[in-house]
Amino acid sequence: MSRIRVLVLGDEQVGKTSIIRTFISQSFPQEVPKFNPPVVIPPELSRTCSTFTVIDLYCKPYLGNKDQLTHVQTEVSKADVFILVYDITRTESLESVFSFWVPLIKEHSAAPCILVGNKNDLPKMTKPVTEVSKSLLDTFEQCQIAIESSAKSFINIAKLFQYAEQAVLYPTGHLIHTSTKQLTQNFIMALKTIFRIADKDNNLLLSDLEMDALNQQVFGIKLTSRDLEKLKKLVTQEEEQAVFQNEFTFKGFLKLQELFIRELRSSNCWKLLEHFGFTKNLELPVRVSLPEDNVEFSVSAVQFLEILFTQHSESNLLSFEGIKEIFSTVSKPLWSSSWEEYSNYIYTNQEKSISLQNWMSLWHLMLRVQPENTLKYLVWLGYSQEVTSAYLESEKRNVEKPAQKKVFVISLVGEQGVGRESLMRSFLYKPTSSPISNQVCSMIEEKENIWDSKFLVLTKVFDHKADVACLIYDGSSSSMNYLREEVVPNLTQDMPRLLVLNRHNQQAESESAYSFSLELGLREHAQIDLSKQRPDSLFLQLKDIAQHPYKGILRLEKKGDLHPKESQSYVWGLAALGAAVVGALFLKNVKFNSS
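Residue positions are given per chain, counted from 1 along the sequence in the order it is written. Reporting in this predicted model follows two pLDDT cut-offs: at least 70 for local features of residues, and 80 or more for side-chain atom pairs to be given and counted; totals over whole chains, interfaces and linings ignore these cut-offs and use all residues. The basis for the side-chain values is all heavy atoms of the structure; hydrogens and waters are excluded.

Between the rings of Phe, Tyr and Trp (Trp by its six-membered ring), a pair exists once the centres lie within 6.5 Å; its type follows the angle of the planes, with under 30 degrees stacked, over 60 edge-to-face, and the other angles tilted. Inspection of the entire model under this criterion finds 19 aromatic pairs. Considering the side-chain rings of phenylalanine 100 and tryptophan 101, the 5.0 Å spacing of their centres and the 85° angle between planes classify their relative orientation as edge-to-face. Accessibility classification places phenylalanine 100 together with tryptophan 101 in one group, the buried group. On the numbers, 5.9 Å between centres and 80° between planes, the contact of tyrosine 347 with tyrosine 429 is edge-to-face. Of the two residues, tyrosine 347 is situated in the loop between helix H12 (320–326) and helix H13 (356–369) and tyrosine 429 in the loop between helix H15 (420–427) and strand S12 (439–445); the sequence distance between them amounts to 82 residues. Throughout this description, buried means an accessible area under 20% of the type-specific maximum (1.4 Å probe, protein chains only), exposed means over 50%, and partly exposed covers the range between. A relative accessible area of 9% places tyrosine 347 in the buried class. Taken together through their ring pairs, the aromatic side chains of Phe297, Phe320, Phe327, Trp335, Trp339, Tyr342, Trp359, Trp363, Tyr377 and Trp380 make up a single cluster. The ring of tryptophan 270 carries the charged tip of lysine 280 above its face, separated from the ring centre by 4.6 Å. What counts as a helix is a DSSP run of H or I of at least four residues, what counts as a strand is a run of E of at least two, and both are numbered from the N terminus. Whether a charge sits over a ring depends on NZ of Lys or CZ of Arg being within 6 Å of the ring centre and within 35 degrees of the ring normal.

Pasting the structure below:
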């Protein structure tokens, strides 16, 4: 049960007290007191079982009377809704609405207001209330409804209290701009989330079956074919694109909500919003409680993201506009403050369009960087299942068996200037001068189903939970000392690692790279030259070590001792060489398809 504090205010002798007395007694009082003391109206007189406390503000305060003005300001600040009354037979009472009462309300409250032109049983001396409201709405959006009444003739007395109750329980201020009659952006975003959830066949339309299912789910009422045809006719009269192939478009769905508000049935809109979990501020709270270890997307989450891509892409490419349309249910992008910056994390073509592989790369990376927020966005974009079904706990590293996870994280470690950023740009086929984030992601192994494909994350942010530590140096003594003194001593023994010599500025010999790897006790090492070519084989080698962690762990201290898995090293080495050749061809193919 709601408790609603109603403040009835306006100049003297406009009929405030008569309105209250008539509503309570259901008859016009023969004698009207100067003002009515606060009265509590029981829930039996309310359609929604609300309890009203009605305050009669008995006169317009004089600015010179400080105590009276303070009293009025206090009452205004405590009110849940205002009934602002003027006398249609006295123009000065209407002028007072604009000059005194509206500024007072705006200064001390954001509560909704019902404008009432009283005594409409008498000849009018003011403009019709509809015209008055039009000029008022330009500066006073709190005014939600304007109505004429007569306490003496009992015209609209019950209605204005009903409207006051609705203005509190089902406020339209968050739903529609009163002055322009346009739906608010937050309401449109919320409706798009609901529309996507209701669109079970994912064709961006709501069929008769889907509309009926939605109505039964929210209101418990079945829509007949006749009901649906009436609704279609109603919305198409005002919006040409409301229906397509006899199904409701999103524009038609919006128009339907707009009509509800116009017909003072905003309760329908709020019941719809509340059913899907939206608050009075049109926010959709999502509770996420994640395990301590990293998480990956479940199959259902990947399938949902694939559907979004398919719905908004053309020729298997998702454009910048398509990405913004997918995220039109939220006010800001997931990755940063700028919509365009997604290109800093993944491969894009010159027009910033992306393939499905790179769309998924973006999401896999975001789940790693900000897991809770990413899962919230998934829900806000229309993921209809429980949020706990959207993720799986990542497999923990085990040197004794191959990893089955889908996303591998590689920490790039090295002294400033050894080429970590260049390696990340090369991974995404980006030119030297292009901006890039601290973490990037791309597909490294494609499977028939997108949820089975493998992805590689390269990050400059060191993480002990990463799958591989890629130790980069350029042959200089400072870069080697940095690894010796700052990096290797801080790595856990079970952290797989790969030593990489980037020969972009140095003429280091292969023998020195091999001897340095022996000095550090490392099993694997590689050499690249980013100034000449993209190191496709390196990326595959990193993926291979991530999948088979024992290949990147420290050699045992006794000379000649091998890790148990190394007994097969010769055979596996030949297999890895073959895989590298095939993989290099695959990477080129991925780039070609993505561009």
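From this point on, the discussion continues.
Further remarks concern the state of the cysteines. A covalent bond between the sulfur atoms of two cysteines is referred to as a disulfide. Disulfide assignment relies on a single distance test, namely cysteine sulfur atoms paired within 2.5 Å. Under the definition given, this model contains zero disulfides. Considering cysteine sulfurs only, cysteine 113 is the nearest to cysteine 143, which forms no disulfide, with 5.3 Å between them. You can call cysteine 143 buried: its relative accessible area is 1%.

What follows is about the sheet that holds strand S11 (residues 407–413). Pairing between two strands requires that DSSP report at least two bridges joining them. Strand order across the open sheet formed by six strands is S12-S13-S11-S14-S15-S16, with mixed pairing between neighbours. The sheet terminates laterally at S12 and strand S16 (525–528), the two strands that pair on one side only. Taking each pair of neighbouring strands and ignoring which way they run, the sheet shows an average axis angle of 25°. The pairing of S11 with strand S13 (residues 454–459) spans five bridges and is classified as parallel. The residue of S13 that forms the bridge with phenylalanine 408 is leucine 456. The contact definition used throughout considers only heavy atoms, calling two residues in contact when any of these lie within 4.5 Å. The axes used here are C-alpha line fits, helices contributing only the stretch in contact, and every angle between their N-to-C directions lies in the interval 0 to 180 degrees. Most of the contacts of helix H16 (residues 477–487) go to strand S14 (residues 468–473), to which it runs at about 145°, and overall it touches S11, S14 and strand S15 (497–502).

Our next topic: the pattern of salt bridges. Here, a salt bridge means any Lys or Arg side-chain nitrogen found within 4 Å of an Asp or Glu carboxyl oxygen. If you walk through the whole model with that rule in mind, you get 27 salt bridges. The partner of lysine 119 in a salt bridge is aspartate 87, and the shortest N-O contact between them spans 3.1 Å. Of this pair, lysine 119 sits in the loop between strand S5 (113–118) and helix H4 (129–137) while aspartate 87 sits in strand S4 (residues 81–87), and the two are 32 residues apart along the sequence. The partly exposed category is assigned to lysine 119, whose relative accessible area is 24%. Here glutamate 421 and lysine 460 are joined by a salt bridge, their closest N and O atoms 2.9 Å apart. One end of the pair, glutamate 421, is in helix H15; the other, lysine 460, is in the loop between S13 and S14, with 39 residues separating them in the sequence. A relative accessible area of 24% places lysine 460 in the partly exposed class. Connected through salt bridges with shared partners, the residues Asp87, Arg90, Glu92 and Lys119 form a single ionic network.

Before going further, it helps to examine the confidence of the model for the protein chain. Per-residue confidence from the predictor is given as pLDDT, running between 0 and 100. Overall, the predicted model of the protein chain reaches an average pLDDT of 87, with 90% of residues at or above 70. For residues 556–595, every residue scores under 50 in pLDDT, and the model assigns this stretch 42 contacts once sequence neighbours within four places are set aside.

The residue leucine 84 is located in strand S4 in this model. On the basis of relative accessible area, leucine 84 is assigned to the buried category, the value being 0%. As for leucine 84 and tryptophan 101, which are separated by 17 residues in sequence, their C-alpha atoms are 8.0 Å apart. When neighbours within four sequence positions are excluded, leucine 84 is seen to be in contact with Leu9, Gly10, Val97, Trp101, Val102, Ile105, Cys113, Ile114, Leu115 and Val116.

What follows deals with the packing of helix H6 (residues 185–198) against helix H9 (residues 250–262). Taken N-terminus to C-terminus, the directions of H6 and H9 make an angle of 125°; their axes are 11 Å apart at the nearest point. Taken together, the axis directions place H6 and H9 in an arrangement best described as oblique. Note that H6 runs across H9; the crossing there is right-handed. Of the residues in H9, those in contact with Phe187, Ile188, Leu191, Lys192, Ile194 and Phe195 of H6 are Phe250, Phe253, Leu254, Gln257 and Ile261. In this classification, Asp, Glu, Lys and Arg are treated as charged, Ala, Val, Leu, Ile, Met, Phe, Trp, Tyr, Cys and Pro as nonpolar, and every other residue, Gly included, as polar. Across the contact of H6 with H9, the residue classes tally to nine nonpolar, one polar and one charged. Each angle is binned into one of four classes, with values under 35 degrees roughly parallel, values over 145 roughly antiparallel, values of 65 to 115 roughly perpendicular, and all other values oblique. Take the far helix as the reference: if the near one is turned anticlockwise from it by less than a right angle, the crossing is left-handed, and if turned clockwise, right-handed.

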